[in-house]
Structure formats: C-alpha cells, structure tokens
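# Summary of structural features
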Amino acid sequence: MIPSVLPTYNRAPLTFVSGEGSWLTEADGRRFLDLGAGIAVNALGHAHPALVKALGDQAARLWHTSNLYRIPQQQELADRLVEATFADTVFFTNSGTEACELVVKMARKHFFDAGQPERVDIITFEGAFHGRSSAAIAAVGSEKMTHGFGPLLPGFTQVPWGDEAALKAAITDTTAAIMVEPVQGEGGIRPMPDACLKGLRALCDEHGLLLILDEVQCGMGRTGRLFAHEWAGIAPDIMMVAKGIGGGFPLGAVLATEVAASAMTAGTHGSTYGGNPLGCAVGCAVMDHVTAPDFLAEVNRKASLLRQRLEGLVAAHPQVFEEVRGVGLMLGIRCKAPNADVVAAGYDAQVLTVPAADNVVRLLPPLNITDDEIAEAMTRLDAAANQIEQAQEKATA
Ligand SMILES: *Cc1c(COP(=O)(O)O)cnc(C)c1O
C-alpha cells in the first residue's frame with residue numbers, strides 16, 4: 001500500500017523535534033551537529049533569534065494579502081537586493097524551481113520582444129541541477145531526472161562541464177542564453193574556475209546572449225562573497241536565488257538587469273505566494289546579517305579553518321576519503337568509500353552531511369558555525385571515518 005506521504009524521498013531514519021544554531025535534537029534528546037543546514041538553507045542556523053522575531057512579529061500582524069496590493073516587506077527586500085548586487089529588479093518566488101521557471105520565460109521574452117523570436121534555446125551543463133519542474137528537468141536533461149516524464153520542454157542543449165570547445169560549438173542562431181551554477185551543488189561541489197566564468201561572460205557578450213547564473217545553493221554568502229560570481233569579478237544578466245535567502249522560510253528570487261527583464265511587463269508572470277509578507281520579513285532579517293560588516297570576513301576565516309582541518313582528515317583516512325573541494329562554506333569531500341556509507345556513519349557519530357553526485361559528501365554548515373563546532377565536527381567525522389575503516393577491515397579479513 002502506498003504510504004500516506006508520497007514516497008519520492010529516501011529518508012534517513014532520523015526525526016528532529018527542535019534546533020538551535022548548528023544543532024538538531026531528536027525527541028529522545030540526542031543532539032546532531034548539522035553540517036547540511038537543510039541543504040544550504042539554514043544560513044544562520046536553526047531558530048536564530050532575529051529570524052524567529054522577524055517571523056513572529058510579521059505573523060502577529062499580517063500573513064498574506066496577495067500581489068494585488070503593495071507589500072512593503074517585499075519592496076524593502078527588493079531594494080536591498082538591488083542595492084547589494086548587479087541587479088536592477090527582483091521577482092520573488094517560493095523556491096529555486098520557480099525561479100528557474102521565470103528565468104526561462106524571461107530569457108525567451110527578452111529576445112521575442114527584441115525582434116529575435118527564434119532565439120529560444122538555453123545552453124546548460126552536464127551535472128547541473130536547476131530544480132524538479134518540467135522546465136528544470138528539461139534544462140538538465142539527464143536520464144536520471146527525465147526518465148518517464150517526456151515529452152520534455154524543448155529548447156535546452158547540455159554541454160560537458162569544462163568543455164570550452166563543445167560550448168562554443170553549441171552556440172547557434174537560436175541560442176538565447178547560457179545557464180550555469182558558479183559552483184555545482186548536487187553535481188558534487190564543482191566550482192567553475194574564475195577564468196571560465198570570465199570566459200562565459202565574454203562569450204555571451206560576443207554572441208549577444210544572456211548569462212543566467214543559478215546561485216540557489218552557492219549564493220547568499222555561502223562561498224564567502226554575497227554571491228559566488230563576485231569572486232570572478234563578473235556579473236550575470238539574470239540570477240536565480242533561493243535556499244539561504246529565507247534562512248529556512250520558503251523564499252526564492254530572480255534578480256535581473258533592466259535590459260534582461262524589461263520584457264516582463266504586467267500580466268506576463270505572477271505567483272500567489274511569491275514575495276509574501278512572512279517570507280520577505282524573514283528575508284530582510286537574513287540580509288541584515290549576511291550584509292553586516294565583517295559577516296563575510298568571518299565566513300571566509302571559518303571556511304579556511306574548516307578546509308584546513310578537512311585536508312588533515314582526508315590525509316588521515318586515505319581509504320575513506322580522496323579530496324576536498326569547493327569554495328567558502330560550500331565544501332565537498334570526494335570519497336573513496338561509497339558516499340552513502342560516509343553519510344550513514346556520520347549519523348552514528350551524530351553529525352549530518354549531505355550526499356552529492358560524483359561520490360561526494362557535502363558540508364554546507366550554517367554560515368555562523370562556531371570555531372568550537374568546527375572542531376567538534378572534525379571529531380565526529382573522524383569517528384565516522386574510523387567506523388568505515390573498521391567495516392572495511394572486517395570485509396577484507
Ligand atoms: C536546490 C536547487 C534548486 C531548486 O530549488 P528548490 O527550492 O528545491 O526548488 C535549483 N538550483 C540549484 C543550484 C539548487 O541547489
């Protein structure tokens with residue numbers, strides 16, 4: 001009999017009832033160090049007092065009015081995102097997937113209104129992840145995500161990661177945009193080198209294409225800059241944001257330049273909940289922290305500390321781990337042992353990590369994780385690695 005919750009997830013047998021900072025607690029009181037942060041969502045950890053207050057205050061006043069009316073919290077968050085980034089304008093969604101839907105529509109409408117309606121195609125990269133809607137799975141095109149869900153939305157071409165020749169060959173008269181994650185998340189924490197991002201920007205300029213960045217996972221301070229593309233000194237035309245921007249409240253956004261977005265006039269797009277007072281009040285509180293002086297400097301300091309410790313851990317367990325990669329507090333350990341085993345051994349050691357493609361275990365801790373918690377994380381990951389080594393020895397004995 002089918003479970004009452006549609007069984008589309010492989011869930012771990014863990015049930016958390018409360019959280020505080022970098023910690024999650026089960027009903028029996030067992031505490032877990034959370035290095036996954038709800039897949040890079042709880043950017044300020046669990047139950048951050050400022051976010052609790054922002055949500056509580058707004059909840060006591062007004063939950064929902066719809067986008068039929070002005071929403072001051074939405075206006076404020078948009079103003080602040082425009083102030084802090086390349087963007088001239090922002091549309092709010094409830095998720096990364098919905099942001100993906102809009103970027104596809106925006107790119108097509110841009111060229112349609114510019115008198116080039118044939119430009120509809122978007123080039124994406126192998127290993128990418130842009131969400132689970134019909135457009136987002138067509139964008140990625142992998143067998144794993146699209147099997148059984150055809151016919152797929154046409155208009156996407158995938159090229160291998162890091163293959164410049166294939167990318168150039170894929171650009172045609174019908175190309176509208178290139179869409180890429182500056183650091184692939186689900187794909188296994190694969191950063192695109194700064195030189196490649198610069199190259200992408202130049203290629204888009206040369207061919208008159210829009211550069212769409214998906215910073216749903218790598219944005220909002222995760223890499224040590226407010227947005228990851230800032231490391232490369234470039235700017236996109238359109239950007240998807242979600243996950244960390246709501247600190248745990250469902251919130252996403254599309255940021256764009258005026259040129260890219262100006263075809264999206266009244267009536268061309270909408271969302272009942274997108275940009276609602278609750279989400280935007282929390283989003284403003286997240287912005288308060290992430291844009292505060294020294295916040296990102298602290299992220300970078302802790303990122304170097306974590307990375308240095310991880311390099312030591314990997315060196316100490318060559319049968320379990322292979323290499324550390326990533327940027328800032330978006331780190332991946334490529335494993336020698338199956339990554340699922342490493343994640344499961346972490347559960348036994350009461351430390352939470354997240355698997356990714358390419359046999360990688362992701363570490364996406366709250367951006368305000370403390371030095372002591374980083375030390376504790378190492379103790380627990382070391383215990384997890386020891387457990388795997390013991391199992392390996394048993395298996396070969
Ligand atoms: C999670 C993610 C998405 C999808 O976001 P949802 O909020 O799950 O719809 C899109 N792109 C990237 C890079 C992501 O990590």
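Each value, and the rule that gives it
- Residues numbered from 1 in each chain as written.
- Predicted model: local features only at pLDDT ≥ 70, side-chain atom pairs only at ≥ 80, totals over all residues.
- Heavy atoms only, no water.
- Core = buried A, V, L, I, M, F, W, Y, C linked by side-chain atoms within 4.5 Å.
- Buried < 20%, exposed > 50% of the residue type's maximum accessible area, 1.4 Å probe, protein only.
- Domains from an automatic or database assignment.
- Contact = heavy atoms within 4.5 Å.
- Near = heavy atom within 4 Å.
- Polar contact = N/O pair within 3.5 Å; in protein donor to acceptor, adjacent residues only side chain to side chain.
- Areas by Shrake-Rupley, 256 points an atom, 1.4 Å probe, with all protein chains shown as cover.
- Nonpolar A, V, L, I, M, F, W, Y, C, P; charged D, E, K, R; others polar.
- Axes fitted to C-alpha atoms, helices over the stretch in contact; angles between N-to-C directions.
- Helix = DSSP H or I, 4+ residues; strand = E, 2+ residues; numbered from the N terminus.
- Left-handed = near helix turned anticlockwise from the far one by under 90°.
- Pairing = 2+ DSSP bridges.
- Buried area = accessible area lost by both parts, 1.4 Å probe.
- Salt bridge = Lys/Arg side-chain N within 4 Å of Asp/Glu carboxyl O.
- Phe/Tyr/Trp six-rings, centres within 6.5 Å; stacked < 30°, edge-to-face > 60°.

This part takes up the nonpolar core. Counting residues in hydrophobic clusters, the biggest one holds 83 residues, and the most contacted among them are Phe 92, Phe 125, Leu 200, Leu 255, Leu 310 and Phe 321. Residue-level mapping places this core at the junction of two domains, with at least three residues from each of domain 1 (16–34 + 293–396) and domain 2 (49–290). Excluding residues within four positions of it along the chain, Leu 255 makes contact with Leu 81, Thr 85, Phe 86, Ala 87, Thr 89, Val 90, Asp 237, Ile 238, Met 239 and Val 241.

Near the ligand you find Ser 95, Gly 96, Thr 97, Phe 129, His 130, Gly 131, Glu 181, Asp 214, Val 216, Gln 217 and Lys 243, and these make up its full shell. Gln 217 is positioned such that a nitrogen or oxygen atom in its side chain is 2.7 Å from an oxygen atom of the ligand. Here Lys 243 contributes a side-chain N or O atom positioned 2.6 Å from an oxygen atom of the ligand. For the ligand, the protein covers 83% of the area, taking 380 Å² as the surface of the free molecule. Among the residues making up the shell around the ligand, the classes are represented as 2 nonpolar, 6 polar and 3 charged.

Now for the packing of helix H3 (residues 72–84) against helix H10 (residues 277–290). One way to put it is that H3 packs onto H10 with a least axis distance of 8 Å and a crossing angle of 35°. Once H3 is placed against H10, the crossing between them reads as left-handed. Of the residues in H10, those touching H3 at Gln 73, Gln 74, Glu 76, Leu 77, Arg 80, Leu 81 and Ala 84 are Pro 277, Cys 280, Ala 281, Gly 283, Cys 284, Met 287 and Asp 288. Looking at the contact of H3 with H10 residue by residue, the classes come out as 8 nonpolar, 3 polar and 3 charged.

Regular strands have side chains that alternate between both faces of the sheet. Burial analysis of strand S14 (residues 330–335) places 5 of its 6 residues in the buried class, the great majority of the element. Sheet topology note: the strand S13 (residues 321–327)/S14 ladder contains 6 bridges and is antiparallel. Paired with Glu 323 across the strands is Arg 334, a residue of S14. Counted between consecutive antiparallel strands, the loop separating S13 from S14 contains 2 residues, among which Gly 328 sits at a positive phi close to 60°.

This brings us to the domain arrangement of the protein. Each assigned domain of the protein is listed here: domain 1 (16–34 + 293–396) and domain 2 (49–290). Between domain 1 and domain 2, the residue contacts involve 21 residues of the former and 21 residues of the latter. Note on domain 1 versus domain 2: buried area summed over both sides is about 1,600 Å², and carbon and sulfur give 63% of it. As a salt-bridge pair, Glu 186 and Arg 362 come within 2.8 Å of each other at their nearest N and O atoms.

What follows concerns the packing of aromatic side chains. Ring pairs (aromatic) are described by centroid distance and by the angle formed between their planes. The full count for this structure, using the stated rule, is 2 aromatic pairs. Each ring, one from Phe 16 and one from Phe 32, has its centre 5.3 Å from the other, and the planes form 75°; the classification is edge-to-face. In this pair, Phe 16 sits in strand S1 (residues 16–20) while Phe 32 sits in strand S3 (residues 31–34), placing the two residues 16 residues apart along the sequence. Assessed through its relative accessible area of 30%, Phe 16 is described here as partly exposed. Here Phe 32 falls in the buried class, since its relative accessible area comes to 0%. Aromatic pair Phe 125 and Trp 161: ring centres 5.9 Å apart, planes at 85°, arrangement edge-to-face.

To continue, consider the sheet that holds strand S16 (residues 354–356). Backbone hydrogen bonds are what pair the strands of a sheet, in a parallel or an antiparallel way. Taken in spatial order, the 4 strands line up as S13-S14-S17-S16 in an open sheet, and their pairing is antiparallel. Every interior strand has two partners, whereas the edge strands, S13 and S16, have only one. Across the sheet, the axes of successive neighbouring strands diverge by a mean angle of 30°, strand direction being ignored. Its contacts with the sheet place helix H11 (residues 295–316) against S13, S14 and strand S17 (360–363), and it is angled at close to 165° to S13.

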